[in-house]
Amino acid sequence: MRRWIHIGALLAAVAAASVASADTVDVGGVKRSYTTQLPAKKPAPLVVVLHGKTQRGADMVARTAWPQVAKREGFAVVFPDGLNHAWADARTKAGPALRGPPVGTDDVAFIAKLVEKLVANGTADPKRIYVAGISNGGAMVMTLICARADLFAAGASVVMNLTDEAAVTCHPSRPLPMLIMNSTADPLVPYEGGRGSSYFAADGFWSTNETLEFWRKLNGCEIDDADVTDLPDRAPADQSTVTRISSHCPRGHDVVLYRINHGGHRMPGFSPDARFPKIATRLLGPQNGDIDGAETIWTFFRQFP
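Nothing here was measured: the structure is a model prediction, and the numbers come from that model.

Visitor: What's the story with the side chain of Thr-163 in this structure? I'm lost.
Guide: With respect to the helices and strands, the residue Thr-163 is situated in the loop between strand S6 (154-158) and helix H6 (164-168). In this structure Thr-163 comes out as buried when scored by relative accessible area, which is 7%. Polar side-chain contacts of Thr-163 include one of 3.2 Å to the backbone nitrogen of Ala-166. With near-sequence residues (within four places) excluded, Thr-163 lies in contact with Arg-91, Gly-204, Phe-205 and Trp-206.

Visitor: Sorry, what's going on with the pattern of salt bridges here?
Guide: Two side chains carrying opposite charge are able to pair once their charged atoms lie near each other. Across all of its chains, the model carries 10 salt bridges by this definition. When the shortest N-O distance is used, the salt bridge between Arg-72 and Glu-73 registers 2.9 Å. Arg-72 is the partner of Glu-295 in a salt bridge, and the nearest nitrogen-oxygen pair spans 2.8 Å. In this pair, Glu-295 sits in helix H9 (residues 293-301) while Arg-72 sits in helix H3 (residues 66-73), placing the two residues 223 residues apart along the sequence. Residues participating in the shared-partner salt-bridge network are Arg-72, Glu-73, Glu-295 and Arg-302.

Visitor: Help me out: how do you make sense of the nonpolar core in this one?
Guide: The nonpolar side chains of a soluble globular protein tend to be buried with one another. Of all hydrophobic cores here, the largest spans 50 residues; its most connected members are Leu-50, Ile-111, Phe-152 and Trp-215. If we ignore the near neighbours within four places in the chain, the residues touching Phe-152 are Ile-111, Val-115, Ile-129, Tyr-130, Val-131, Leu-144, Arg-174 and Leu-176. The next biggest cluster of nonpolar side chains, apart from the first, holds 32 residues, and it includes Phe-79, Tyr-130, Val-256 and Ile-297.

Visitor: I would appreciate a short explanation of the environment of Arg-282 in the present structure.
Guide: Mapped onto the secondary structure, Arg-282 falls in helix H8 (residues 277-284). C-alpha of Arg-282 to C-alpha of Phe-214: the two residues are 68 residues apart in sequence and 32 Å apart in space.

Visitor: Sorry if this is basic, but what is going on with the sheet that holds strand S5 (residues 124-134) here?
Guide: Whenever strands of a sheet pair, they do so through backbone hydrogen bonds, lying parallel or antiparallel. As summarised here, the arrangement of the 10 strands in space is S1-S2-S4-S3-S5-S6-S7-S10-S9-S8, forming an open sheet in which the pairing is mixed. Only two strands of the sheet have a single neighbouring strand rather than two, namely strand S1 (20-27) and strand S8 (225-230). In this sheet, adjacent strand axes meet at a mean angle of 20° when their direction is disregarded. Across four bridges, strand S2 (residues 30-37) lies against strand S4 (residues 76-80) in antiparallel orientation. From the neighbouring strand, Thr-35 faces S4, where its bridge partner is Phe-79. Here H3 sits on the sheet and contacts S2, strand S3 (44-50), S4 and S5; the angle it forms with S4, its principal contact strand, is near 155°. Across the face of the sheet, helix H4 (residues 107-120) comes into contact with S1, S2, S3, S4 and S5 while running at roughly 120° to S1.

Visitor: How should the pairing of S2 be read in this particular structure?
Guide: Looking along a regular strand, one sees the side chains alternate between the two faces of the sheet. Pairing of S1 with S2, which is carried by eight bridges, proceeds in the antiparallel orientation. The partner of Thr-24 across the bridge, within S2, is Ser-33. The turn joining S1 and S2, which pair antiparallel and follow one another in sequence, is formed by two residues; a positive phi near 60° is taken by Gly-28.

Visitor: Looking at this structure, I do not really get the packing of aromatic side chains. What am I missing?
Guide: One pair of aromatic rings is described through two measures. These are the centre distance and the angle between the planes. Counted under the stated rule, the structure contains nine aromatic pairs. When the centroid spacing of 4.9 Å and the interplanar angle of 10° are considered together, the rings of Tyr-130 and Phe-301 count as stacked. Here Tyr-130, found in strand S5, pairs with Phe-301, found in helix H9; they are 171 residues apart in sequence, far enough to count as distant. By the burial criterion, Tyr-130 is buried, and Phe-301 matches it. Relative to Trp-215, the ring of Phe-214 has its centre 5.6 Å away and its plane inclined at 90°; by these criteria the two rings are edge-to-face. Judged on exposure class, the residue Phe-214 and its partner Trp-215 are both buried. Within the aromatic cluster, the residues linked to one another by ring pairs are Trp-66, Phe-75, Tyr-130, Trp-298, Phe-300, Phe-301 and Phe-304.

Criteria and cut-off values
- Residues numbered from 1 in each chain as written.
- Predicted model: local features only at pLDDT ≥ 70, side-chain atom pairs only at ≥ 80, totals over all residues.
- Heavy atoms only, no water.
- Helix = DSSP H or I, 4+ residues; strand = E, 2+ residues; numbered from the N terminus.
- Buried < 20%, exposed > 50% of the residue type's maximum accessible area, 1.4 Å probe, protein only.
- Polar contact = N/O pair within 3.5 Å; in protein donor to acceptor, adjacent residues only side chain to side chain.
- Contact = heavy atoms within 4.5 Å.
- Salt bridge = Lys/Arg side-chain N within 4 Å of Asp/Glu carboxyl O.
- Core = buried A, V, L, I, M, F, W, Y, C linked by side-chain atoms within 4.5 Å.
- Pairing = 2+ DSSP bridges.
- Axes fitted to C-alpha atoms, helices over the stretch in contact; angles between N-to-C directions.
- Phe/Tyr/Trp six-rings, centres within 6.5 Å; stacked < 30°, edge-to-face > 60°.

What follows is the structure, encoded as structure tokens:
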């Protein structure tokens, strides 16, 4: 009988670990929503995953491997929702057809309060909190690291470059490991900087090389590449490949670039990142299938601290 009780408890714990639950937190009198997926064992590492503009946290749950990776690796993951499906990052300029959050929105305060809540209730290990985001969410990652480096152990930004506005206000309290994952055929955030070719693109982006150099300088790294590795082309049909570029950095200050060669404004993955993949490819460019974004980012995060 005791054996069956043990097995039943284990199955219940596994089931509980895979269930995502929605909740809210009050930030300056505004109810902010988010979804969490909790592991059986707590406190645990926590990854904050930030969606792109026009998306919600639910899109990150359904269209990325974060839930599966979190369940397998035993960490907590939270998917916050931006107001108006967008984040109030350090940039003030946006594409002509896209609205940002309401004026006065403080998303740094929102994410900070959310992290503090999950630490206080025993969910998150305060020494192992990470933040990852795509597009507008990637810009918000940079904004958070610049403003509240004390909260995080590492960050990852996908398909996003810095701008003058974002860089001039960036004064992190300490160096943090940073992963950048950018695509050379991105029509919204051009790899070489400037303005993308899409109607929805904003202007004034730095190049990826300038963005990489900025983080290397912040982290006390050498400016030159440490190692350049072409990864196996596991999905030839996607017509894109991946190159990993590392940096010479002090221990624990790592800066890594995953360059998606001929990839679009997409999260690399082993499954489609959009409900209508063909339309997404036409508007945003191809999705790389040689690596999975969530898997790759977690492999980076788990090294720190």
